[in-house]
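These are the residues of each chain, in order.
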Amino acid sequence: MPRRPPSPDPLVILPPPGETPQQRAERLQAEAEAIKISAAIDAELELDREAAKKRAAKQEVKVVLLGQAESGKSTLRKQFQLQWASRTLDAERATWRPIVTLNVIRGLGSLFEQLETAFDPGSSSPSHSAAPSIFRSDTEYPYSRASSPGSSAQEHNSLYSSLSLSRPLDPATAMARDQLFYYRDNLLALISLEDALTNSISGMVRAVGGVYIRADWQASHPRDRDVYGRSASTPPSLSAARKLDRRDVDIIQSVQMCLAQSREFIRDLWHHPYLPMLLKARRIKLEDSTAFFLSAVDRISQPDYLPTDGVYEVFPAYSPTEIAKADILHVRLQTLGVSEHVFDVNVGGRPVRWLIYDVGGARGLRHAWVPYFDDARAIIFLAPISAFDQYLDEDPRTNRIDDSLQIFSQICTNKLLRRAHLILLLNKTDLLRQKIEAGIKVKKFITSYGDRVNTYEEASQYFRAHFLQVHRKNDESKRTLFTHFTSVIDTKATKKIIYNVADSILKDHISATGLV
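Residues numbered from 1 in each chain as written. Predicted model: local features only at pLDDT ≥ 70, side-chain atom pairs only at ≥ 80, totals over all residues. Heavy atoms only, no water.

Caption draft 1: Summary view of unusual backbone geometry. Its identity as a non-glycine residue notwithstanding, E70 has a phi of 65°, on the positive side. Looking at the element boundaries, E70 is found in the loop between β1 (60-66) and α2 (73-84). Here K478, not a glycine, exhibits a phi torsion of approximately 55°, which is positive. Looking at the secondary structure, you find K478 in the loop between α17 (456-474) and β9 (481-485). In this structure K478 comes out as exposed when scored by relative accessible area, which is 63%. (Helix = DSSP H or I, 4+ residues; strand = E, 2+ residues; numbered from the N terminus. Buried < 20%, exposed > 50% of the residue type's maximum accessible area, 1.4 Å probe, protein only.)

The structure is reproduced here in structure tokens:
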């Protein structure tokens, strides 16, 4: 007798042969009971799944760092990492070495580009053929360091006047120009390697505002080894390289060798007695990181160099040891895209996972911000108030302070963010102080500053008042705005701010989710 095929539904009981009406009724009743029990189990499982999701959501805090390019977002993210996951930052140190080298090359390229445009185009071309004899010894300078402009007020004023005005250069200034261009000629080989190095790190992307590195650039680098696939205690070995292909390794290694060979030219350029006066007279502005790395070229060009993290304090004055610990914080890296960083923090005996999103701040990249607003528990907005005398690369007519105010206004009015905790960091206060002490007038660039005294205290409070006014005018939900003056390269001060910010965010998070 052939067997009956099994029922496709395990809850359905197949009728036996010769089933009576009573047996059929009992079978259907049993099937209904089984289906009812199964549905109750499914409902309970679904409730458990939803509860698990809610528990997971309660234990996650999503924070988005916003602000224009060069506002300090990536530096703040590294400070979070330094405080909450210092071991991971230490493991990444080797991967930052080619990025430090890239910062040196970009700094040199920017410096020479601005020097070339600073000199009067009608002046005579540099006499490169005569330049080498100038540098045989310090005594063969037209002005030795002991008697360089600055040691004589008359000589200083004459040179400064010549540098400041668009007129034929006097012989001393022309000689200084030739000396600086001599260094340029000897550093062109290193500067020309910028694109190759950028591409080897992660694959460069050209966009409005410059060359960018993908946000996931470190994915191609081993976390516990350097770009050669070696630990800090072992010699380089190309065969040991991981993830980076041989061509990338060769390029990175060659660029770092070229940096070592160019060390003396960079050092002498940076310490040239005319350079600081020329930068001031022609109002040449360099990126914040350029001075830091060019002044440290002897250290960072060594074969066994590894970038350092650790403590950096702006006030009081720092020592060379403290400077050496701040490499990773000083790195300037234009990233394309959004990078996510996860930190587990213990709160009341329970782990709370922080998801921190670091987004590109250039104008052409801001459209990528919106998808990350959803479910954001907090927005940390960084406004570099030292940028009052700077303008956007993408739009030279727009002052960077005005741009920050416009972005902040949009954040305050964005409906997706109406429940997000709002924190404002008025950043780069150290540079603001330096600029004002150097005599740069705020009212020259911000006309509404008027006749206020040109002091750090007055200027910082003036900028703070403007951001507070934007918040009061545009924030319909009337949230409390937490405001801090910061210099996020200052580890000691930023540590306190991070804990204050984290505490306020977590209190809001706990209140909203009922975590405890």
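Caption draft 2: Inspection of the pattern of salt bridges at higher detail. Counting across every chain of the model gives 12 salt bridges. Across the pair R267 and D298 runs a salt bridge, and its minimum N-O distance is 3.0 Å. Of this pair, R267 sits in helix α9 (residues 263-270) while D298 sits in helix α12 (residues 297-300); the two residues are 31 residues apart in sequence, bridging distant segments of the chain. Note on D298: relative accessible area 32%, which makes it partly exposed. (Salt bridge = Lys/Arg side-chain N within 4 Å of Asp/Glu carboxyl O.)

Caption draft 3: Local environment of the environment of R267. On the basis of relative accessibility, which here comes to 27%, the residue R267 falls in the partly exposed class. Once residues within four sequence positions are removed from consideration, R267 is found in contact with V297 and D298. (Contact = heavy atoms within 4.5 Å.)

Caption draft 4: Up close: α2. Its 12 residues give α2 an end-to-end C-alpha distance of 17 Å, which sits within 8% of 16 Å, the value for a rise of 1.5 Å per residue. Listed as buried for α2 are K73, T75, L76, R77, K78, Q79, F80, Q81, L82, Q83 and W84. (Expected span 1.5 Å × (residues − 1).)

Caption draft 5: Structural view of helix α16 (residues 429-437). Turning to α16, its buried residues are T429, D430, L431, L432, K435 and I436. At its buried positions, α16 is contacted by α11 (288-294), β8 (421-427), α17 and β9. Count one or two residues on from α16 and you reach G439, which has phi positive near 95°.

Caption draft 6: Inspection of the pairing of β8 at higher detail. Burial analysis of β8 places 7 of its 7 residues in the buried class, the great majority of the element. The side-chain alternation of β8 yields two buried faces, one formed by H421, I423, L425 and N427 and the other by L422, L424 and L426. With 5 bridges connecting them, β8 and β9 associate as parallel partners. Of the residues in β9, the one forming a bridge with L425 is H484. (Pairing = 2+ DSSP bridges.)

Caption draft 7: Representation of a nonpolar patch on the surface. A surface patch of nonpolar side chains, amounting to about 260 Å² of accessible area, comprises I37, I41 and L45. Structurally, L45 can be placed in helix α1 (residues 21-58). (Patch = residues over 30% accessible without salt bridge, like charges linked within 9 Å, V, L, I, M, F, W, Y side chains within 5 Å. Areas by Shrake-Rupley, 256 points an atom, 1.4 Å probe, with all protein chains shown as cover.)

Caption draft 8: Looking closely at the nonpolar core. Counting 46 residues, the largest nonpolar core has V104, L108, F112, L115, I266 and L269 as its most contacted members. Contributing elements (two or more residues each) for this core: α4 (97-118), α6 (171-191), α7 (194-201), α8 (246-261), α9, α10 (275-281), α11 and α12. It is α4 that contributes the most residues to this core, 10 residues altogether. Listed in part, the 37 residues of the second largest apolar core include V64, A376, I446 and Y462. (Core = buried A, V, L, I, M, F, W, Y, C linked by side-chain atoms within 4.5 Å.)

Caption draft 9: Seen up close, the packing of aromatic side chains. For the coordinates displayed, the defined rule picks out 12 aromatic pairs. Plain terms: the ring middles of F388 and F445 are 6.1 Å apart, the flat faces sit at 65° to each other, and that makes the pair edge-to-face. Here F388 is found in the loop between β7 (378-384) and α15 (400-413), whereas its partner F445 is found in the loop between α16 and α17, with 57 residues between them in sequence. Given a relative accessible area of 23%, F445 falls into the partly exposed group. By the ring-pair criterion, three or more aromatic residues cluster together here, those being F388, F445, Y449, Y462 and F463. (Phe/Tyr/Trp six-rings, centres within 6.5 Å; stacked < 30°, edge-to-face > 60°.)

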